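Okay, here's what each chain looks like letter by letter:
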Amino acid sequence: MPGDTGAKPTLFLDMDGTLIDSAVGITRCVAHALTQMAVPVPPQAEVRRWIGPSLRTSFTPLLRDPAQVERAVEHYRVRFESDGWVAEVISDLHAAGHQLAVVTAKNEPHARKIVDHLPFGHLFDDVIGATVDGRISDKPDLIAEALNRLDLAPGQCWMIGDRHMDIEGARHHGMRNIGVLWGFGGEAELRAAGAEHLPHMPADIPALLAG
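Before going further, it helps to examine the overall build of the protein chain. Across its full length, the protein chain holds 10 helices and five strands. A globule of 211 residues ought to have a C-alpha radius of gyration of about 17 Å, and the protein chain, at 18 Å, matches this closely. For the protein chain, the spread of C-alpha atoms along the three principal axes comes to 55 × 40 × 35 Å. Buried residues in the protein chain amount to 47% of all 211 residues. Contacts in the protein chain between residues at least 24 apart in sequence constitute 59% of all its contacts with a sequence separation of at least 6. As displayed, the protein chain has an accessible area near 10,100 Å², and 51% of this comes from carbon and sulfur atoms.

Here we take up helix H6 (residues 108-116). Counting along an α-helix, one turn takes 3.6 residues, and residues three or four places apart therefore face a common direction. Of the positions making up H6, those classed as buried are Glu-108, Ala-111, Ile-114 and Val-115. Down the axis of H6, the buried side of the element spans an arc of 120 degrees, and every buried residue falls inside it. Residues of H6 that are exposed and point over 90 degrees away from its buried face: Lys-113 and Asp-116. In the core, the buried residues of H6 are packed alongside strand S2 (100-107), strand S3 (126-130) and helix H7 (139-150). The distance from a side-chain oxygen at the start of H6 to the backbone nitrogen of His-110 is 3.0 Å, and the residue carrying that oxygen is Asn-107.

Below, the discussion takes up the nonpolar core. In this structure, Leu-19, Phe-59, Ile-90, Phe-120 and Phe-124 are the most contacted members of the largest nonpolar core, which totals 42 residues. Phe-12, Leu-150, Ala-170 and Met-175 belong to the second largest nonpolar core, which has 15 residues in total.

This part takes up the pattern of salt bridges. Enumeration according to the criterion identifies 12 salt bridges in this entry. One salt bridge in this structure joins Arg-149 and Glu-145, with 2.9 Å as the shortest N-O distance. Taken together, the residues span about one helical turn, with Arg-149 and Glu-145 both in helix H7 at a distance of four residues. A relative accessible area of 33% means that Arg-149 is categorised as partly exposed. The class for Glu-145 is partly exposed, based on a relative accessible area of 22%. Arg-176 is the salt-bridge partner of Glu-196, the closest N and O atoms lying 3.1 Å from each other. One end of the pair, Glu-196, is in the loop between helix H9 (187-193) and helix H10 (205-210); the other, Arg-176, is in strand S5 (residues 176-179), and 20 residues separate them in sequence.

So, on to the sheet that holds strand S4 (residues 157-161). Read across the sheet, five strands follow the order S3-S2-S1-S4-S5 without closing on themselves; strand pairing throughout is parallel. Lying at the two open borders of the sheet, with one neighbouring strand each, are S3 and S5. The sheet shows a mean angle of 20 degrees between the axes of neighbouring strands, taken without regard to direction. Relative to S5, S4 runs parallel, the two sharing four bridges.

Helix H8 (residues 164-172) packs onto H7 with a crossing angle of 55 degrees between their chain directions and a minimal axis gap of 8 Å. Our classification of the angle between H7 and H8 gives oblique. Crossing hand, H7 versus H8: right-handed. Each of Lys-139, Pro-140 and Ile-143 in H7 lies in contact with H8, whose residues at this interface are Met-165, Asp-166, Gly-169, Ala-170 and His-172. Broken down by class, the residue content of the contact of H7 with H8 amounts to four nonpolar, two polar and two charged.

Criteria and cut-off values
Residues numbered from 1 in each chain as written. Predicted model: local features only at pLDDT ≥ 70, side-chain atom pairs only at ≥ 80, totals over all residues. Heavy atoms only, no water. Helix = DSSP H or I, 4+ residues; strand = E, 2+ residues; numbered from the N terminus. Rg over C-alpha atoms; globule rule 2.2 N^0.38 Å. Buried < 20%, exposed > 50% of the residue type's maximum accessible area, 1.4 Å probe, protein only. Contact = heavy atoms within 4.5 Å. Areas by Shrake-Rupley, 256 points an atom, 1.4 Å probe, with all protein chains shown as cover. Arc of directions from axis to C-beta. Polar contact = N/O pair within 3.5 Å; in protein donor to acceptor, adjacent residues only side chain to side chain. Core = buried A, V, L, I, M, F, W, Y, C linked by side-chain atoms within 4.5 Å. Salt bridge = Lys/Arg side-chain N within 4 Å of Asp/Glu carboxyl O. Pairing = 2+ DSSP bridges. Axes fitted to C-alpha atoms, helices over the stretch in contact; angles between N-to-C directions. Parallel < 35°, antiparallel > 145°, perpendicular 65-115°, else oblique. Left-handed = near helix turned anticlockwise from the far one by under 90°. Nonpolar A, V, L, I, M, F, W, Y, C, P; charged D, E, K, R; others polar.

So, in structure tokens, the structure goes:
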């Protein structure tokens, strides 16, 4: 309930560059899965198109056999869970009692598809994205929608993102924020936006939240 200082803050996480390393992490896991299947890895530009659709949708044209597709999906998930930071950190934050939600400028149906095929997607209470008609698309509006859906006050939440829009959206609502340095924005952009914290590594986040 609002004002309960004993409760762990709810964390709103941006998607691309923050929650998932779209340019490297997912494509690296796809390449690993195909290599395990002894299938040539397509050019990087083609693999990047796999970000968003379900894994099965993307693997099927290459592998055709449903059983082979399922094997490839399993190889992907094993690599994603063991090699990426995301599953471990998100799992730790959830286990520590933080409510988690994705708040992204991607259109919501698309964002939900991405979260649904992440190994840790079930740990998020909600996915808040842009409306298809564009009515809600800017970060301040997206954060307002997240607060409304989850019945939270800004003081109960932190926004974690890699771009100035994430930080500016949080500050618009008087919300605490973290600007992550492993994404697409960079230190200068995040400092200029007024980021409170600038962790270099995902593992730094729990200590910042506790401080």
